[in-house]
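In case you want the letters, here they are:
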Amino acid sequence: MNIRRLIPAPAVAGAVVLGLTALTACSASDAADRKNGDRLDVVASFYPMQFLAERIGGDHVSVTTLTKPGVEPHDLELSPREVGRLSSADFILYLKGLQPAVDDAIKLSESKHTLDAATLTSLEDHGAEVGGEEHGHEHHGDEAGADPHVWLDPVKYAEVARGVGKSLEKTDPEHAADYRRNTDALVTRLGALDTAFKQGLAGTATKTFITTHSAFGYLAERYGLTQEGIAGIDPEAEPSPARIGELHTIAREKKVTTVFFETLASDKTAKTVARDTGLRTDVLDPLEGITGKSRGTDYIEVMESNLAALKKALGPA
């Protein structure tokens, strides 16, 4: 993964130590120690984890997210207070390999109830190369090179949801039945979304799409598509003249009509490539955050908008 702006390791460590020192009095406690039936205090690293925690936890959880709406998750920086907040949470849900600042803070917080969503499904290395032909091989959550964007595949996201549900059951057994029921409902909804994608993308004029953010490797593989990244995984990176030439050829040979960009990054690169290749632009949302610009109010609605955009771009057979 090409993280565009990282916090220097010493700065991260310093923030972690300071945050944990400042909040020593608020050390982590087991869910059983909560009084008067208070809701489980859940911290989610970014939106896809927040969505799972809220849908599965229901009325029994209070969810806060480390990544505020409109903030690019890869670029997240944590304040000492936010770092210290981890040590007092009842449950932390994150995705290792996506946000280095979060990974470092969790490692040093020694929180008792943490769940890495990347361990709940198999990951793959879709490669740092531009283009979507290379799918690589399967990895597990902590292996270098693994693509973390599993939430963009409804099937893999459902696998993660099941794991989150089971972990919440163990953390808060008093409400296990409700967590199980909520998990089943969400998995069913994700199954319906998977069916909609299969049916909607089954008969299209082309199977190739061009995107500024190469986050859709799992989605492309699931539904028989080919993702062509403009310049790797950085949605604002400028493509080389050679890559522009390749995209011209790809667009012509594969009947590509659209260059996709995302809502949390500038559309400058997409518009430049579209102008140079004679294509139009549209949004394909990697769902790393929900803002007023999102085409939907939650994961399900935005994924449905993504499906509509893909169907329009790929065209009928």
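Residues numbered from 1 in each chain as written. Predicted model: local features only at pLDDT ≥ 70, side-chain atom pairs only at ≥ 80, totals over all residues. Heavy atoms only, no water.

Draft legend 1. Quick look at the pattern of salt bridges. All chains considered together, the criterion is met by 13 salt bridges. Among the salt bridges present, the one from Glu 82 reaches Lys 68, with a minimum N-O distance of 3.7 Å. Pair noted here: Glu 82 is in helix 3 (residues 80-88) and Lys 68 is in the loop between strand 2 (61-65) and helix 3, with a separation of 14 residues, a long-range link. In this structure Lys 68 comes out as partly exposed when scored by relative accessible area, which is 42%. In this structure, Glu 304 engages Arg 189 in a salt bridge whose closest nitrogen and oxygen atoms are separated by 2.7 Å. Of the two residues, Glu 304 is situated in helix 10 (residues 299-314) and Arg 189 in helix 6 (residues 176-200); the sequence distance between them amounts to 115 residues. Residue classification places Arg 189 among the partly exposed residues on the basis of a relative accessible area of 30%. In this structure, a network of salt bridges that share partners links the residues Glu 228, Arg 243 and Glu 246. (Salt bridge = Lys/Arg side-chain N within 4 Å of Asp/Glu carboxyl O. Helix = DSSP H or I, 4+ residues; strand = E, 2+ residues; numbered from the N terminus. Buried < 20%, exposed > 50% of the residue type's maximum accessible area, 1.4 Å probe, protein only.)

Draft legend 2. How the structure looks around the packing of helix 2 (residues 47-57) against helix 6. Interhelical geometry of helix 2 versus helix 6 gives an angle of 125 degrees and a closest axis separation of 7 Å. Classified by the angle their axes make, helix 2 and helix 6 are oblique. Two secondary-structure elements touch here, helix 2 through Phe 51, Leu 52, Arg 55, Ile 56 and Gly 57 and helix 6 through Tyr 179, Asn 182, Thr 183 and Leu 186. Considering only residue class, the contact of helix 2 with helix 6 consists of five nonpolar, three polar and one charged. (Axes fitted to C-alpha atoms, helices over the stretch in contact; angles between N-to-C directions. Parallel < 35°, antiparallel > 145°, perpendicular 65-115°, else oblique. Contact = heavy atoms within 4.5 Å. Nonpolar A, V, L, I, M, F, W, Y, C, P; charged D, E, K, R; others polar.)

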